[in-house]
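Letter by letter, the chains look like this.
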Amino acid sequence: MADFSNDPTRTGFFAPQRFEADVYDCEVIGKVPSDISGAFVRVGGEWFYPPKFEDDAILNSDGYISMFRFRNGRVDYKGRWIRTQRFEKNLAAGRQLYGYYRNPYTDDPEVRDPARPHLRTVSNTAPIAHAGKLFSLKEDGLPHRIDPRTLETIGPYDFDGQWKSQTFTAHPKIDPVTGEMIALGYQATGLATDDLFVYTIDAAGKVKREVRLKVPYVSVIHDMAITQKHVLIPFGGYVTSRERLESGKIHWGWDASKPSYIGVLPRDGDAKDVRWFKGPERCMMHVFNAYDDGRKIVLYAPFFESNFFPFFPPIDGSPWDASKARAYVRRITIDLSSRADTWKEEILWPFPVQDLGRVDTRFMSLETRYGFTGYADPERPFDEARAGNVRGRVTNCYGRFDFATGRLSTYFAGPTHSLQECCFVPRKGSREEGDGYLIGVASNFAEMRSELVIADAQRLEEGDIARVILPFRSSAQIHGIWVPEEEMTFA
Ligand code: V55
Ligand code: FE
């Protein structure tokens, strides 16, 4: 048997609990503002059965969707497994049939199907709500439709046959002006293929445009950004190939010699219009937002210096370097009037942050002033005596990073808490950027339970207005979204 005793994803706070949950009218410390109405929907992963390989990636764990449903100052919690084909097959077999992260060659013979790798998705990365439908997403497969009231899985969705890529990004972007959803699928025609399909889906949920591109090299294209005029496609460093996968390795390796890229595609353009801008070694996972500024594009993103993921090892056999697995808030400026194929990059704050950056999504694709993300403040030490179960990195603060002035406002969760990705909730009736609440789930290591914290996004220093208590450790979130009340009524 593999020894999992030191693995923070299988022991301690994030040890799998395997159950589905309903908690009605959760216990609250403080008072939940009655003007918050809708749901905080979260997707993450948990091992239902242990992985086949002890060095597998936590990114390969089974999808789990949960929500905090806000109504009239009360909150209900619900959590459900995402019933992918893979989940059902494992459950029927009573064991883990699937091998390494995105390597179908390592699956048990009865489910091995390298020609259709998308069928083994765990759908564990992010939710999105668009055109009256709720989905869970992972970049190696199709969206899974979810019933927003029950969180039951309806099944994979291909937009009435109009979505032709095998895969769909975990980070589509919704244009608040047009209501369109811009999304991409990479490795669109199969394992390790260099096909990238970019789609515009109209406000009614119909595919309106498709552009088929080739990538400079096959890599993780985890996130994307949109402006009013452009689609941005950042990636870098990770590599794979058919040969790598056939040899039984985990999907990605890190190649420090590879440049990073940002593809810029006009939203009304074709494949011939894409420009690939090139930069230094970078691990480009998540973005805050981007916008057009005349002939320039400004992108705010918390990119890492180098490989963030220890389980995707360097291909040259060198050890993973924790000191470079650090994300900084960056401003990237791309000058479209220049013939140069590179960008300008500034680090705006000198300390590392969580790379799970959020903005007020009413301003997605438009000029934004505020980015929100977690970070570790070393001035506020962790209480090791009371929180002995902590492993790995601690994120004790949420920051509001003011890109215009360089000011940082901070919410501190306490000396025994670590924070997951935050989410911005607009205040009812407000139109001003950043007017609303900042919410997110904290791991309380002292009590071994999860707590949803709610703070005023314009008064983070004042601490939380309310904490919603779960009497257990919540399944780990990767990403979450705010779904306003109006959108919770759909089927
Ligand atoms: C990420 C997460 C994934 C994945 C690839 O955070 C990249 C980045 C949870 O799954 O499959
Ligand atoms: Fe992500």
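Throughout what follows, the structure given in this document is the object of discussion.

What counts, and at which threshold
- Residues numbered from 1 in each chain as written.
- Chains lettered and ligands numbered in written order.
- Predicted model: local features only at pLDDT ≥ 70, side-chain atom pairs only at ≥ 80, totals over all residues.
- Heavy atoms only, no water.
- Donors = N, O, S within 2.8 Å, 3.2 Å for Na, K, Ca; no water.
- Tetrahedral: all angles 85-135°; square planar, octahedral: opposite > 155°, others 65-115°.
- Helix = DSSP H or I, 4+ residues; strand = E, 2+ residues; numbered from the N terminus.
- Buried < 20%, exposed > 50% of the residue type's maximum accessible area, 1.4 Å probe, protein only.
- Phe/Tyr/Trp six-rings, centres within 6.5 Å; stacked < 30°, edge-to-face > 60°.
- Lys NZ or Arg CZ within 6 Å of the ring centre and 35° of its normal.

1. Section: the coordination of the iron ion (ligand 2)
When four donors bind a metal tetrahedrally, each ideal donor-metal-donor angle is 109.5 degrees, and when six bind octahedrally, the ideal angles are 90 or 180 degrees.
Point 1. The coordination sphere of the iron ion (ligand 2) contains the protein donors H171 (NE2), H222 (NE2), H286 (NE2) and H479 (NE2), at a distance range of 2.0 to 2.1 Å.
Point 2. Bound by 4 donor atoms, the iron ion (ligand 2) shows angles of 93 to 163 degrees at the metal and therefore irregular coordination geometry.
Point 3. In primary sequence terms, the donor set of the iron ion (ligand 2) follows H-x50-H-x63-H-x192-H. With a gap of 308 residues between them, H171 in the loop between β9 (153-156) and β10 (173-174) and H479 in strand β31 (residues 477-484) connect regions that are remote in the sequence. Grouping residues by exposure puts H171 and H479 together as buried.

2. Some points on the packing of aromatic side chains
The description of an aromatic ring pair rests on the distance of the ring centres and on the angle between the ring planes.
Point 1. The tally for this structure, following the rule as stated, stands at 46 aromatic pairs.
Point 2. Centre to centre, the rings of F135 and Y157 are 5.5 Å apart; their planes meet at 35 degrees, and the pair counts as tilted. With a gap of 22 residues between them, F135 in strand β7 (residues 133-137) and Y157 in the loop between β9 and β10 connect regions that are remote in the sequence.
Point 3. Judged by its relative accessible area of 2%, F135 falls in the buried class.
Point 4. On the basis of relative accessible area, Y157 is assigned to the buried category, the value being 13%.
Point 5. Taken together, a centroid distance of 5.8 Å and an interplanar angle of 80 degrees make the contact between Y238 and F312 edge-to-face. Of this pair, Y238 sits in strand β16 (residues 238-239) while F312 sits in the loop between β21 (296-301) and β22 (330-335), and the two are 74 residues apart along the sequence.
Point 6. Residue classification places Y238 among the buried residues on the basis of a relative accessible area of 1%.
Point 7. An aromatic cluster is defined as three or more aromatic residues linked by ring pairs; in this entry it consists of Y101, Y238, W254, F304, F308, F309, F311 and F312.
Point 8. Directly above the aromatic system of F48 lies the positively charged group of R18, at a separation of 4.1 Å from the ring centroid.
Point 9. Over the ring of Y437 we find R427, and its NZ or CZ is 5.0 Å from the ring centre.

3. Brief notes about the side chain of R10
Point 1. One can find R10 in the segment before β1 (21-23).
Point 2. You can call R10 buried: its relative accessible area is 12%.

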